[in-house]
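Chain residues, written in single-letter form:
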Amino acid sequence: MSIADLKFSDDVEQPVATYETQRLTDGAVGSSGRAAFELETAEHKPRASWHHAAFHTVTAVVGAGVLGLPHAFSFLGWPAGLLLLSLLCAASLYTSYLLAALHELPNGTRLNTYKEMGEALLGPRRGKLLIATVQYTLCVGLCITYSVTAGQSLKGVASEECSGVDCQQGISAWIVLFGGLQLLLSQAPDFHSLWWISLLGALMSCGYCSIAIVMSSLHAAKHGPATQWRHEGISQADRVFSVFNALGSVAFTFGGQAVLPEIQATLARPSREQSTAPTMMKGIWISYVVVIIAYYGTAICGYAAFGATVSSDVLLNIKEPAGVMAAANLFVVLHVAAAWQVFAMPIFDAAETGIRRRLASPPRPLTLRLLFRSAYVAAVTFVACLLPFFGELMGLISSIGLMPVTFILPPVMWLRARSPGGAERALCLLIIAACSIIAALSLVGSARNIAMLASQFGLFSGGERR
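Residues numbered from 1 in each chain as written. Predicted model: local features only at pLDDT ≥ 70, side-chain atom pairs only at ≥ 80, totals over all residues. Heavy atoms only, no water.

Draft legend 1. Region of the structure containing the side chain of serine 92. Inspection of the secondary structure puts serine 92 in helix H4 (residues 78–101). Overall, the relative accessible area of 0% leaves serine 92 in the buried class. For serine 92, the contacting residues outside a window of four places in its chain are Phe254, Gln257, Tyr288, Thr406 and Phe407. (Helix = DSSP H or I, 4+ residues; strand = E, 2+ residues; numbered from the N terminus. Buried < 20%, exposed > 50% of the residue type's maximum accessible area, 1.4 Å probe, protein only. Contact = heavy atoms within 4.5 Å.)

What follows is the structure, encoded as structure tokens:
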């Protein structure tokens, strides 16, 4: 069966085999997909509903990067900032639909991971290499970034003097503390078992976004709106590269597509003949209601209140009341703890499945989880301690992993599978081209800014870090 002949199960009704008897036979998926599917049928039969998908998607999409939107606006300005945010929000929702619609093959076989989808639609070798490399790079990068976020927020809880760059210094102990929490949470056996963690994360993200919006509005009402909209006293080169980095920082807020296939894989099929795409889209629509309210509210209120003086985390600009702000930072920690797990699970699943397939006598699941996941948490925590640059990390991770996974690969796979024409084809090509340019500019800007900050902190010059 060629890709050009594919019609998906949301187009025509197809008999769907039961989970107890179905096996992957399509050569495009390959042996690794077959092993992963058989593992799922044996141990993790899909049983989730749309509200579970909504919990996971809110936790994955509404990341702590939303608190950096006012900082990104401080370099982009009002018109460019709002336009970019609106376009990326619309593109992200569209690519979410594409991934949901591509989840099932005509014979009812479900492509349960992003990697399986890439293998089926782009070919076994190309899909496996490209998708796995980009997706896992993004997931690791997000885990590192969220560890930095948690360390910064924990310091914000402990110290009222934590502000701006001061919260990027001396946070290693807080990152290590957060790593200890992840050691415990990482022992959850599979994605669906994380639903309660994702529910907590979704509630926490709504909580800290609400606090950021309300407290920024109250600050503007009390002290008047900001009057300084542009960064003064910086060179033209610094300004240009910061604009490049800001492009990636806005895009960073839309990272949930990296795990959407894995989330959809947890959904129970409504019936033998029906696709899971409508159920998944119901959860996605609910999550994007939260996205629109949180993103626009935080970006507009934060930038209006603080202007160019806003920190890379808008909560760090708000000091009173101390109890409320401590609670907001604690909400951030709890949310990124949940999001960390959501983005780590694809790596855990792929690595542990590979180990079990390659060893004649693999360790027991609990032992394997304890050994591999503990090593992964330790490695991520170590790297996060070396690179405590939240704003710049957002741009770097966005350009390397998030832009391809969220905005570029879904329309590429859609064009390959459906071969659409006319306006739909033009839209897909436009998204691919525009987001590729944003990714390239963001990579240049964030890499340059990280190098400058690393030199300032003395990380790579033998200097003592403050």
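Draft legend 2. Looking closely at the pattern of salt bridges. Within this structure, the stated rule accounts for two salt bridges. Two residues, lysine 115 and glutamate 119, come together in a salt bridge whose shortest N-O distance is 3.4 Å. With lysine 115 and glutamate 119 both in helix H5 (residues 114–122) and four residues apart, this pair spans about one turn of that helix. For lysine 115, a relative accessible area of 14% gives the class buried. The closest approach of N and O atoms between arginine 373 and glutamate 352, which form a salt bridge, is 2.6 Å. Of this pair, arginine 373 sits in helix H13 (residues 365–386) while glutamate 352 is found in helix H12 (residues 322–358), placing the two residues 21 residues apart along the sequence. For the pair formed by arginine 373 and glutamate 352, the shared burial category is buried. (Salt bridge = Lys/Arg side-chain N within 4 Å of Asp/Glu carboxyl O.)

Draft legend 3. Spotlight on the confidence of the model for the chain. Summing up the model confidence of the chain, the mean pLDDT is 78 and the portion of residues at 70 or higher is 81%. Element-level mean pLDDT values for the chain span from 38 in helix H1 (residues 30–43) up to 93 in H4. Taken as a whole, residues 1–43 scores under 50 in pLDDT and shows 82 contacts with residues more than four places along the chain or in a different chain. (pLDDT = per-residue confidence, 0-100.)

Draft legend 4. Summary view of the state of the cysteines. Overall, the coordinates contain zero disulfides when judged by the stated rule. Unpaired in this structure, cysteine 143 has its nearest cysteine sulfur neighbour in cysteine 139, at a distance of 6.9 Å. Take cysteine 209: it sits in no disulfide, and the sulfur closest to it among the cysteines is that of cysteine 206, at 7.2 Å. The exposure class of cysteine 209 is buried, given its relative accessible area of 2%. (Disulfide = S-S within 2.5 Å.)

Draft legend 5. Just unusual backbone geometry, in detail. Of note, serine 419 is a non-glycine position whose phi angle comes to about 50 degrees, a positive value. Along the chain, serine 419 falls in the loop between helix H14 (390–418) and helix H15 (422–457). When its relative accessible area of 45% is taken as the criterion, serine 419 is described as partly exposed.

Draft legend 6. Spotlight on helix H11 (residues 277–306). Taking 1.5 Å of rise per residue, the 30 residues of H11 would be expected to cover 44 Å, and the 42 Å separating its terminal C-alpha atoms lies within 8% of that figure. In the stretch just after H11, glycine 307 is the one whose phi turns positive, near 60 degrees. (Expected span 1.5 Å × (residues − 1).)

Draft legend 7. Region of interest: the packing of H4 against helix H9 (residues 236–252). The N-to-C vectors of H4 and H9 enclose an angle of 40 degrees; their axes lie 10 Å apart at closest approach. In terms of orientation, H4 lies oblique with respect to H9. Where H4 crosses over H9, the two elements pack in a sense that is right-handed. Contact residues: Leu84, Leu85 and Leu88 in H4; Leu247, Val250 and Ala251 in H9. (Axes fitted to C-alpha atoms, helices over the stretch in contact; angles between N-to-C directions. Parallel < 35°, antiparallel > 145°, perpendicular 65-115°, else oblique. Left-handed = near helix turned anticlockwise from the far one by under 90°.)

Draft legend 8. Here's a closer look at the packing of aromatic side chains. What the rule picks out here adds up to 10 aromatic pairs. Pairwise contacts between aromatic rings join Trp340, Phe348, Phe372 and Tyr376 into one cluster. (Phe/Tyr/Trp six-rings, centres within 6.5 Å; stacked < 30°, edge-to-face > 60°.)

Draft legend 9. Spatial organisation of H5. Among the nine residues of H5, nine are classified as buried, and the element is accordingly described as predominantly covered. Along H5, the residues that are buried comprise Tyr114, Lys115, Glu116, Met117, Gly118, Glu119, Ala120, Leu121 and Leu122. Glycine 123, located one to two residues past H5, shows a positive phi value of around 105 degrees.

Draft legend 10. How the structure looks around the environment of arginine 425. Turning to its location among the elements, arginine 425 is positioned in helix H15. Distance in space between the C-alpha atoms of arginine 425 and proline 411 is 8.9 Å, their sequence separation being 14 residues. Apart from residues no more than four positions distant in its own chain, arginine 425 is found in contact with Leu415 and Pro420.

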